[in-house]
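Residue-level structural notes
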Amino acid sequence: MDASFTKNILTMNKKILLILLALSMSSFHQVAAQKINDDNTAIESKIDALLQQMTLEEKIGQMTLYTSDWDVTGPTMRSGYRKDIEAGKVGAIFNAYSVDYVRELQSIAVENTRLKIPLMFGYDVIHGHRTIFPMPLAQAATWNMEAIEHSERIAATEATAEGLNWTFTPMVDVARDPRWGRIMEGAGEDTYLTSRIAVARVKGFQGDNLAADNTMVACAKHYAAYGAALAGRDYNTVDVSDRVLRETYLPPFKACVDAGVGTFMTSFNEVDGIPATGNEYLLREILKKEWDFDGFVVTDYTSIAEMVPHGIVADNKEAGELAVNAGVDMDMQSGIFNDYLAQSVKEGKVKISDIDDAVRRILRIKMMLGLFDDPYKYCDKQRQDTLIYHPEHLAFARAFAAESMILLKNQNQTLPLSKQTSTIAVIGPLADSKKDMIGAWSAAGDFNKSVTVLEGIKAKLPTQRVVFARGCEVDGDDRSGFDEAVTLARRSDAVVLVIGETKEMSGEAASRSEITVPGVQQQLAEALIATGKPVVVVLMNGRPLDLSWLDAHAPAILEAWFPGTQAGHAVADVLFGDYNPSGKLTVSFPRNLGQVPIFYNNKNTGRPMSADKYTSKYLDVANTPLYPFGYGLSYTTFQYDNLKISSPTLTNNQKIEVSVEVTNTGKMAGHEVVQLYVRDLVGSVTRPVKELKDFRKIYLEPGAQSVVTFGITPATLRFLTRDMQWAAEPGEFEVFVGTDSGTTQSVRFSYSP
Ligand code: NOJ
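Heads up: these notes are all about the structure in this document.

What counts, and at which threshold
Residues numbered from 1 in each chain as written. Predicted model: local features only at pLDDT ≥ 70, side-chain atom pairs only at ≥ 80, totals over all residues. Heavy atoms only, no water. Helix = DSSP H or I, 4+ residues; strand = E, 2+ residues; numbered from the N terminus. Contact = heavy atoms within 4.5 Å. Areas by Shrake-Rupley, 256 points an atom, 1.4 Å probe, with all protein chains shown as cover. Lys, Arg positive; Asp, Glu negative; His and termini not counted. Charge placed at Lys NZ, Arg CZ, Asp CG, Glu CD. Axes fitted to C-alpha atoms, helices over the stretch in contact; angles between N-to-C directions. Left-handed = near helix turned anticlockwise from the far one by under 90°. Nonpolar A, V, L, I, M, F, W, Y, C, P; charged D, E, K, R; others polar. Phe/Tyr/Trp six-rings, centres within 6.5 Å; stacked < 30°, edge-to-face > 60°. Buried < 20%, exposed > 50% of the residue type's maximum accessible area, 1.4 Å probe, protein only. Pairing = 2+ DSSP bridges. Near = heavy atom within 4 Å. Polar contact = N/O pair within 3.5 Å; in protein donor to acceptor, adjacent residues only side chain to side chain. 1 Å grid on protein atoms, 1.4 Å probe; cavity = no way out; pocket = protein on both sides within 12 Å on 5 of 7 lines; lining within 4 Å. Sits in = over half its atoms within 2 Å of the grid points. Salt bridge = Lys/Arg side-chain N within 4 Å of Asp/Glu carboxyl O.

Details of the overall build of the protein chain
- Regarding its fold elements, the protein chain presents 23 helices and 26 strands.
- Oriented by its inertia axes, the alpha-carbon framework of the protein chain measures out at about 75 × 65 × 50 Å.
- In the protein chain, 79% of the contacts between residues at least 6 apart in sequence involve partners at least 24 apart.
- Carbon and sulfur atoms make up 49% of the accessible area of the protein chain, which amounts to about 26500 Å² in all.
- Within the protein chain, the 93 negative side-chain charges are centred at a point lying 3 Å from the centre of the 75 positive side-chain charges.

Concerning the side chain of Ser442
- In this fold, Ser442 is placed in the loop between helix 18 (434–437) and helix 19 (453–458).
- Residues in contact with Ser442, not counting those within four places in the same chain, are His127, His129 and Ile132.

Considerations on the packing of helix 20 (residues 482–491) against helix 21 (residues 521–529)
- Running from amino to carboxyl end, helix 20 crosses helix 21 at an angle of 35 degrees, the nearest separation of the two axes being 9 Å. Note that helix 20 runs across helix 21; the crossing there is right-handed. Judged by residue contacts, Phe482, Ala485, Val486 and Ala489 of helix 20 engage Gln523, Leu524, Ala527 and Leu528 from helix 21.
- Looking at the contact of helix 20 with helix 21, its residues break down into seven nonpolar, one polar and no charged.

Topic: the packing of aromatic side chains
- Applying the stated criterion across every chain, the model contains 27 aromatic pairs.
- Geometrically, the ring pair formed by Tyr600 and Tyr677 is edge-to-face, given 5.4 Å between the ring centres and 70 degrees between the ring planes. Of the two residues, Tyr600 is situated in the loop between helix 23 (567–575) and strand 17 (638–645) and Tyr677 in strand 20 (residues 670–680); the sequence distance between them amounts to 77 residues.
- Taking relative accessible area as the criterion, Tyr600 reaches 9% and is therefore assigned buried.

Some points on the sheet that holds strand 17
- Spatially, three strands are ordered 17-19-22 in an open sheet, and the strand pairing comes out antiparallel. Taken across any chain shown, the strands that pair with only one partner, and hence form the sheet edges, are strand 17 and strand 22 (705–712). On average, each strand axis in the sheet is tilted by 20 degrees relative to the strand beside it, whichever way the strands run.
- Strand direction decides the pairing type here: strand 17 and strand 19 (residues 656–664), joined by six bridges, are antiparallel. Residue pairing in the sheet places Asp641 in a bridge with Glu661 of strand 19.

Concerning the packing of helix 7 (residues 145–160) against helix 8 (residues 191–206)
- With their axes 7 Å apart at the nearest point, helix 7 and helix 8 run at an angle of 35 degrees to one another. The handedness of the crossing between helix 7 and helix 8 comes out as right-handed. Between helix 7 and helix 8, the residues in contact are Met145, Ile148, Glu149, Glu152, Arg153, Ala155 and Ala156 and Leu193, Arg196, Ile197, Ala200, Arg201, Lys203, Gly204 and Phe205, respectively.
- In the contact of helix 7 with helix 8, the residues fall into eight nonpolar, one polar and six charged.

Here's the deal with the site of the ligand
- Surveying the vicinity of the ligand reveals 14 residues, the closest of which are Thr73, Asp124, Arg182, His222 and Asp300.
- Thr73 has a polar side-chain atom sitting 2.6 Å from an oxygen atom of the ligand.
- Taking Asp300, its side chain carries an N or O atom lying 2.5 Å from an oxygen atom of the ligand.
- Calculation on the ligand without its partners gives an accessible area of 290 Å², and the protein chains cover 100% of this total.
- Mapping the ligand onto the cavity grids shows that it belongs to the largest cavity.

Some remarks on the pairing of strand 26 (residues 746–751)
- One ladder, built from two bridges, connects strand 18 (residues 649–650) with strand 26; its direction is parallel. Residue Leu650 lies in a different strand from strand 26, and its bridge partner there is Tyr751.
- The pairing of strand 25 (residues 731–738) with strand 26 spans six bridges and is classified as antiparallel. The residue bridging Gly731 from the neighbouring strand is Tyr751, located in strand 26.

Comments concerning the pattern of salt bridges
- On inspection of all chains with the given rule, the structure shows 42 salt bridges.
- In this structure, Lys59 engages Asp356 in a salt bridge whose closest nitrogen and oxygen atoms are separated by 2.8 Å. Here the residue Lys59 occupies a position in helix 3 (residues 56–62), and Asp356 occupies one in helix 15 (residues 352–369), the gap between them amounting to 297 residues.
- A relative accessible area of 9% places Lys59 in the buried class.
- A salt bridge links Arg398 to Asp573, with the shortest nitrogen-to-oxygen separation between them at 2.8 Å. With Arg398 in helix 17 (residues 391–404) and Asp573 in helix 23, the pair connects residues that are 175 residues apart, well separated along the chain.
- Counted as one network, the salt bridges with shared partners bring together Glu44, Asp48, Asp294, Arg360 and Arg364.

Concerning the environment of Val102
- Structurally, Val102 can be placed in helix 5 (residues 99–112).
- Sequence-wise, Val102 and Leu164 are 62 residues apart; in three dimensions their C-alpha atoms are separated by 7.9 Å.
- Sequence-distant contacts of Val102, defined by excluding residues within four places in its chain, comprise Ala96, Tyr97, Phe121, Glu162, Gly163 and Cys379.

Comments concerning the sheet that holds strand 5 (residues 219–223)
- The strand order 5-6-9 describes an open sheet built from three strands, whose pairing is parallel. Two strands close off the open sheet at either side, each with one partner strand: strand 5 and strand 9 (296–298). Each strand of the sheet is rotated relative to its neighbour by a mean of 25 degrees, with strand direction disregarded.
- With three bridges connecting them, strand 5 and strand 6 (residues 263–266) associate as parallel partners. Bridging across to strand 6, Cys219 finds its partner in Thr263.
- In this fold helix 10 (residues 251–258) packs onto strand 5 and strand 6, with an angle of close to 160 degrees to the strand it touches most, strand 5.

Here it is as structure tokens:
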């Protein structure tokens, strides 16, 4: 590597860092969350007055959300939603955006209905609105809360410029089964990290003032435990103990409430035999009572009607009653409230006070959004024309995507590639597939605007030095393109092989029973690796895959996920070292499907694995994953020394500090995510072998050193004790600090209150 090459890399790394810093400090970056119920006496009296004027039917109308015919995100579609709006039977519309369309629908509500109550407009703005960012699981791999928050700020800026004021984000379902297609939508397997990211997302969308014209209300979903679907099959039964529910699955939702999230969405699954949409324990007891949530609860798509096939009610009318009685405030798409709720109230099966409470919650959010002051406030053509695909949004999308990629393997420094390489063969079915770059749940994203890897590489090198062959399709068994691919590889100095899944293979209703690289793509890799040329595998996929063969044979593997609109540029930035990869996995990659579910914070068991036969292990595979939670390589190396603790004993209301020296021992500047894990050695109930408690992302020039210090207080040690109280128990603890969850550098201390 020549000196100017190294210098360019350093400049680029700095540039990207500066973009991130500048953006995180820019004027539209908000920090403090607005609590739903803060200082809103004026709002509450307005609601009182409005409620008094409303008929039962008008109240029920507010409790109803219908999709438009603009986009399809579920199994049913109603014709005639315009008529429903005019009849006062709709409180909110989803899947409708653009200034003209929203204005048209809003005008029906505020000009043609008796009470002129404005509609809310919801949409799945999941990883960007028009400018698409990496899929959420990839974003999590940045471990960069400011960047994640900022991406949502941009998403909100673009979405509100097109009439939207409600996003069905964040998805905060902890997920530990890669078969489940929706694992791509969350933050991975860890509860603490998922909670931190959830807060960043809520803050990004809602800012500190919901009434601003560039903020919108967020929705914590899918409440609850949707990620625990048996065998990773979407919508499947969930069976978790109350302890696991409260300790693993609920904390990210609680974090959203604390961050001031305005709405919640119920999940499709059952929890302890009762569908979440009819689950009083989840909705009334925990969410509304224990957590004092003042926003409103919407169901997932037709999930009220789905309680009939669940077998918990006999018909739709009963389903509506169960939902409202359990604490649902708004029905997404089934139309059951409009059809039956008035009758149910008349029969005394549903209390009018529950209807009033639901409507109050919905009106509260509408008022906080400022819709009663100006129902067209999100319909500003000039904002739409100037903010969509704004160059700053695209620049951030590129830097953020580069930051989300994970270097899984880099034997003999195969990467970064030199820009002097005379010929590069770019091969694979995903190398030039615009459609796939933006991934699932990319909503309003236009894939025609996405940059492919081939285009990204061609933007770095003179075009005549880049050759391309598809090789095969993602799926199927056609090998007829292998020969051309192998011939090109033989003629080139390096091969970039872009393989993985299509975007339709993950997301909702996209579970897989295998987690192998689909079709004959691995065989294509085998043929290319057999040429002896350096083959860099770039993966695009929405879930952890079984990479055992590739790990054993490919010299370099870059996990690029689905990187979004700027995909190809970001991949090229990483491949050529203009960005030094810093992503870290937030989900374990198993060695094979048989290990699933596998996650780092497991329990020790009474027979922890050893050489003895009668211990907890497999005959045919190790207990460890192929790549653990927290794992990710860099083009440089980081050394950890001198792990120290400020005191061997933590007493009550006190803080002890754990510090470690981290040194960049390589030749390139880079980021490292320093991770802190704690193990509670003896508890009133068994505790995981390690739990993430904190992390710090640092940037070090070559040779530079930083002392990273973490504070530990009794709050760090809290868990659900045997009597189901959140508390820290006295005793011995082990603290691990390192580069991933496999780290063994540790110190001990005792907690003695
Ligand atoms: C069903 C999905 O489960 C949910 O996440 C989404 O927000 C709704 N459909 C609306 O599209």
